[in-house]
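Coordinate analysis (summary)
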Amino acid sequence: MQLTGAEIFLESLKREGVDTLFALPGGVVLKIFDVLHQQKDIRVILTRHEQGAGHMAEGYAKATGKPGVALITSGPGMTNVITALADAYMDSVPMVCFSGQVPSGMIGNDAFQEADNTGLSRPCTKYNFLVKDVNDLAQTIKEAFYIASTGRPGPVLVDIPKDISMDKGEFHYPKSVSIRGYNPTYDGSKWKIKQAADAIMKSKRPILYIGGGVQHSGASAEVKELAEMTHIPVDMTLMALGCFPGNHPLSLGMLGMHGTYAANMAMHYSDLVIAVGARFDDRVTGKVAEFCPTAKIIHIDIDPTSIRKNIHVDIPIVGDCKRVLIELNNILRATVNGNQKERRKPWWDQLSAWQQEHPLAYIQEPEAQIKPQYLIDRLYELTADRDPIVSTDVGQHQMWAAQYFKLQNPQTWLTSGGLGTMGFGFPAAMGAQAAFPNRLVLCIAGDGSIQMNTQELATAVIEKLPVKVFVINNRFHGMVRQWQDLFYEGRYSCSYLDNVPDFVKLAEAYGAAGVRIETVGDVDAGIQEALSIDRPVFIDVPVYQYENCYPMIPAGGSNHEMLLEDPPDLHKPKSTHKTAVQSDSDTVLTA
Amino acid sequence: MEHIISLTLENKFGSLSRVAGLFSGRGFNIESLSVAPTLDPSVSMMTLVTSGDDRIIEQIMKQLNKVIDVIKVVDISESEFVERETALIKVHTRPEDRAEALRIADIFRASVLDSSPTSYTIEVTGDVRKVQAIIHLLQPLGIKELVRTGRIAIGREPTRPAQAQPRPLAKAN
C-alpha cells in the first residue's frame, strides 16, 4: 500500500495505540497536520507553546504509563520542546516527540526555521532519529516507541524532514523490533537476589529506599508485599511518592533534602539499605562521604549505570524492579519465620521515637495568614477519597506537597524531580486530565513557577481539561528566598516578584474560573467551591510570605544534620502581603 | 590509569557523536580515538584511549554499553593485547642534520615518505613508546608538523588452547 509519509505517520501512531497527540504546527509539518485534520482516531490537542506540549506528553505518560506523544515543528519548535525532553530524560518518562525538519536537501544550509534537531536533542534524549527515507519511517516509529517504553524509559525524538512527510512509500508496520545494541536486562541474577535475601534476613535495621523505578516497572504491589512480610520501613524518593501508600504504618514518608526527620535518620543509622529503582541522587545522599555510614547497600535497578555511580554498592542487582522483587519475595516467603514485627521491634522503637521527636509540623494561627502547609494539608484531607492525580511545579510548594499530600496509588504524582523544571505542573496536569477526563486532577503551583506556562490556560479551556490549579502565592521565588535567608543573610536578590498578576482575573480572561482564598476560615469552602466547578480553575491563595520548608539538609550536609526550624537569629520581615493584587509596591523589602 | 577500550558500533549517522558526546557531557577524558569500518560495512570499530580510576572506568564502560548504537564494549587493556600507532613526522632539516634524521629513522625502522631540500616526512609505526621515542629524538632537529593516527589495539589470542593448559598441581607440602 502506497502512502505519503504523513499518512504513514498517522497509521503508525494508530498501530502504537496512540490516542492523544500534543501538538503545535509550523511550516514543515503542515502535511502531517493536514492528515491529522482528516481523521478522528487520535485526539490532537493544540497547545500554545511547545514546552507545554512536551510537559503535557510527560503528564500523560506519568499518569498512564504509556508513552506520551508530542508533535512540533522545526527550529524554534524544537528548541522550545528541549526543556520537556531534558525533563523527561532526567525522570525516565516514556515519551516520543516528533519534530519537523526542513526538506532533506536543505539540511545544513541555515534554512528558515532550521535547527540541528538531532544534535540539539542528543544529550537529552534516550535516542533520536533523523528519517532520511520515507520507506524507513514506519520502522523508525516502531523503534522509537520500543526504545521509549522499554528498559529504563525515556524520551525519543524522531526528526521528519518536510519532503519525507510528502514522499510516497510502501507501508508495512513491523510487528516486532530487534536492535542489536539495545538489550535491557530484565531478570536479576538469581545468585545476587539470594544474597540480598540473606542480607535482609540478617539485618537488624533495614530500610527500603524506593525510587521512580518502582513506578516505571509497576512494582508497587511487590514493594508492599516485601515491606509487610519483613516489617521493613519504607522511605520514598520524590519520584516514588504514591508507589507506597503515604499513610501506611510502614511508611516514613519522603527522604532527602526536605524529607522527614525519621526517613533521613533511618537511612543514616540503618545497617541495610535496600534501594529499589532509585539512583542515589545528590538530593538524597547529601554528603556522599557520610552517607549511610553503617549500612550495607543492595541496589536493584534496570540501568547498570545507576549502580555505583555515586556510592559504593555491596549487592548490585541489574534488572526490572518488579521481576527482581517477585523473585526476592519468593525466596523470603520461604525463609521468613517467626513474628517479623516482634523481631524488628527494637528498630521500630527507634523509628517511632524519631517520628514522634520531629514530626512534620507547622503552626497555623486561625487569625493569621494562611500557611502553605495548611492549605495543602486541607486539600489532601478534602480530596483523599477521590484518589486525585496531583501535579506540582518546582520549589517550596513542591516539597510541602510531597510532605503533606499522602498519595495512595502509583501514577498519581506528577512532578519534575531530576531537572526541577518550573512551569512543569500545569501542562503536566493537563496531559493527565486528557488521559483521564473523569478524574480529579490537581496542580499545586507557586506564583513564580505558574507564570512560566500560563499560556496553556487557553488550551485547558478550549480542550475542556478542568484541572484545578492551586497557586501558593507568596510573591517570591520561595525556595530561592529560603536559601537567601539561610545562606545569604537575607539579601533577596531577584527572588521577590513584586508585581504578580491577579490570577483570578488572569484565569477569567482566558475563560477559565478563578477563586481566591484569603483567610484560614475560607480554606475549606474555597477548596470545595473550586472542586465544584467543571472548568479549569486557578485558585489564588495568598499565603504567609516567609514560611520556610523544613526539615532541610543544607547542600553538602550529611543526612542526620537536618535543620528542623528557622535558626533563632533568622531575620524574618513581617509579611505585609494581603492579597495578590495590591497595586502599590508594598514594603516587603524595606520592612 | 590508562585504558584502551574497543567499541563495536553501528556505522551510521550520529553514532560517533553519541560516543564523543558521552565523554564530553560527563567530563570523561579521551586521549585518543580511532574509528573505521570493519569487514561488515554496517559496523565500525572504534579504539578509544582513556584514563581514570576504577570507579570512573566502570562508569565509562557502563555508559558506553548504554549507548544504543554501541554493540559491544571491551576493555582491551584488561588482558594481553597488542597495539600500534602510526605517526607522520615532517622534520625540518638543515644540511648538517639530514644524515642524522635518516639515521634516527633507520634506528626506528621508519621510512621516509617525502623529502624536500629542507625537510623529510618520516612515517613510523609502533607502540606508543616507540612513537614517542622517535618524536623525542627528532625534536631537537625541529619538527614542522606531526600527525598521529591514535592508537589501535587488538587482544592477543591465548598461546595455547585453554583446555590444554595444565591444571595447577596441589602443593605437595
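Refer to the preceding data block for the structure.
The notes below deal with the structure included here.

So, how was this worked out
- Residues numbered from 1 in each chain as written.
- Chains lettered and ligands numbered in written order.
- Predicted model: local features only at pLDDT ≥ 70, side-chain atom pairs only at ≥ 80, totals over all residues.
- Heavy atoms only, no water.
- Buried < 20%, exposed > 50% of the residue type's maximum accessible area, 1.4 Å probe, protein only.
- Helix = DSSP H or I, 4+ residues; strand = E, 2+ residues; numbered from the N terminus.
- Arc of directions from axis to C-beta.
- Contact = heavy atoms within 4.5 Å.
- Polar contact = N/O pair within 3.5 Å; in protein donor to acceptor, adjacent residues only side chain to side chain.
- Axes fitted to C-alpha atoms, helices over the stretch in contact; angles between N-to-C directions.
- Left-handed = near helix turned anticlockwise from the far one by under 90°.
- Nonpolar A, V, L, I, M, F, W, Y, C, P; charged D, E, K, R; others polar.
- Buried area = accessible area lost by both parts, 1.4 Å probe.
- Salt bridge = Lys/Arg side-chain N within 4 Å of Asp/Glu carboxyl O.
- Core = buried A, V, L, I, M, F, W, Y, C linked by side-chain atoms within 4.5 Å.
- Right-handed = clockwise from strand over helix to strand, strands pointing away.
- Pairing = 2+ DSSP bridges.
- Parallel < 35°, antiparallel > 145°, perpendicular 65-115°, else oblique.

A word on helix α2 (residues 30-37) of chain A. All names here are of chain A. Residues of α2 that are buried include every one of I32, F33, V35 and L36, and no others. The buried residues of α2 occupy one face: seen down the axis, they fall within an arc of 160 degrees. In α2, the exposed residues that point more than 90 degrees away from the buried face are L30 and H37. On its buried face, α2 is in contact with α1 (5-15), β2 (20-23), β3 (43-46), β4 (68-72), β7 (155-161) and α7 (162-166).

Before going further, it helps to spend a moment on the side chain of S12 of chain A. All names here are of chain A. As for its position among the elements, S12 is in helix α1. A relative accessible area of 0% places S12 in the buried class. Within the local environment of S12, its side chain forms a polar contact with the backbone oxygen of I8, the two atoms lying 2.7 Å apart. Excluding its chain neighbours within four sequence positions, the residues that come into contact with S12 are A138, I141, F171 and Y173.

Residue and element names in this part refer to chain A. At a closest axis distance of 8 Å, the pairing of helix α11 (residues 261-269) and helix α15 (residues 345-357) adopts a crossing angle of 140 degrees. For the element pair α11 and α15, the recorded crossing hand is right-handed. Judged by residue contacts, Y261, A262, M265, A266 and Y269 of α11 engage W347, L351, W354, Q355 and E357 from α15. Of the residues assigned to the contact of α11 with α15, the class counts are eight nonpolar, one polar and one charged.

Moving on: the interface of chain B and chain A. Taken together, the contact pairs 21 residues of chain B with 19 residues of chain A. Between chain B and chain A, roughly 1,700 Å² of surface is buried when both sides are summed, and carbon and sulfur atoms account for 48% of that area. Among the residues of chain B in contact with chain A, F13, R18 and I68 of chain B are the three that bury the most area, contributing 39% of the side total. Where chain B packs against chain A, one counts three salt bridges. The interface formed by chain B and chain A includes twelve residue pairs in polar contact (both at pLDDT 80 or more). Of all elements in the fold, only α1 (15-25), α2 (54-66) and β4 (70-75) of chain B reach the threshold of two or more residues within the side of chain B that touches chain A. Of the residues forming the side of chain B that touches chain A, the biggest block, seven residues, is contributed by α2 of chain B. Tallied by class, the residues present in the side of chain B that touches chain A amount to six nonpolar, six polar and nine charged.

Core analysis: the largest hydrophobic core is formed by 101 residues, its most contacted members being I210 and I298 of chain A. Core analysis: the second largest hydrophobic core is formed by 45 residues, I82, M95, A428 and V467 of chain A among them.

Judged by which residues are buried, β2 of chain A turns out to be covered on both faces: T20 and F22 of chain A on one side and L21 and A23 of chain A on the other are all buried. Traced from β2 of chain A through α2 of chain A to β3 of chain A, the parallel crossover comes out right-handed.

Let's shift gears to the sheet that holds strand β5 (residues 95-101) of chain A. Residues and elements named next belong to chain A. One open sheet holds the six strands; their spatial order is β3-β2-β4-β5-β7-β6, and the pairing between them is parallel. Looking along the sheet, the strands with just one partner apiece sit at the ends: β3 and β6 (127-130). Averaged over neighbouring strand pairs, the angle between their axes works out to 20 degrees when direction is ignored. Sheet topology places β2 next to β4; two bridges connect them, and they run parallel. Its bridge partner being in β4, F22 is matched across the sheet by A70.

The subject of this paragraph is helix α21 (residues 478-487) of chain A. All names here are of chain A. Among the ten residues in α21, seven count as buried, and that is most of the element. Listing the buried residues of α21 in full gives G478, M479, R481, Q482, Q484, D485 and L486. One or two residues past the end of α21 sits E489, with phi positive at roughly 50 degrees.

This paragraph deals with the environment of C124 of chain A. Residue and element names in this part refer to chain A. Within the secondary structure layout, C124 lies in the loop between α5 (117-121) and β6. Owing to a relative accessible area of 8%, C124 belongs among the buried residues under this scheme. With 33 residues separating them along the chain, C124 and L157 place their C-alpha atoms 9.7 Å apart. Contacts of C124, omitting those with residues within four sequence positions, involve I82, L85, A86, Y89 and P155.

All names here are of chain B. Pairing is antiparallel in the open sheet, where four strands are placed in the order β2-β3-β1-β4. Among the strands making up the open sheet, the edge pair consists of β2 (32-37) and β4. Neighbour-to-neighbour, the strand axes of the sheet open up by a mean angle of 15 degrees, direction not taken into account. Here strand β1 (residues 2-10) pairs with β4 via five bridges, running antiparallel. The residue bridging S6 from the neighbouring strand is V74, located in β4. Along the sheet face, α2 touches β1, β3 (43-51) and β4 and points at about 160 degrees away from the line of β4.

This next bit is on unusual backbone geometry. Glycine aside, a negative phi is what most residues show, and trans is what most peptide bonds show. All names here are of chain A. For the bond from Y550 to P551, the omega torsion is -5 degrees, close enough to zero to count as cis. Within the secondary structure, P551 sits in the segment after β20 (537-542). Despite not being glycine, D387 has its phi angle at roughly 45 degrees, a positive value. Relative to the elements of secondary structure, D387 occurs in the loop between α16 (372-383) and β15 (389-392). The phi dihedral of R475 is positive, around 55 degrees, even though this residue is not glycine. Mapping R475 onto the fold places it in the loop between β18 (468-473) and α21. For R475, a relative accessible area of 1% gives the class buried.

With that settled, the discussion passes to the packing of helix α3 (residues 50-64) of chain A against helix α18 (residues 425-435) of chain A. Residue and element names in this part refer to chain A. Remark: α3 packs on α18, axes separated minimally by 6 Å, with the N-to-C direction vectors making an angle of 50 degrees. Taken together, the axes of α3 and α18 lie oblique to each other. Once α3 is placed against α18, the crossing between them reads as right-handed. When α3 is examined against α18, the residues G52, H55, M56, G59, Y60, A63 and T64 are found in contact with a partner set consisting of P427, A428, M430, G431, A432 and A435.

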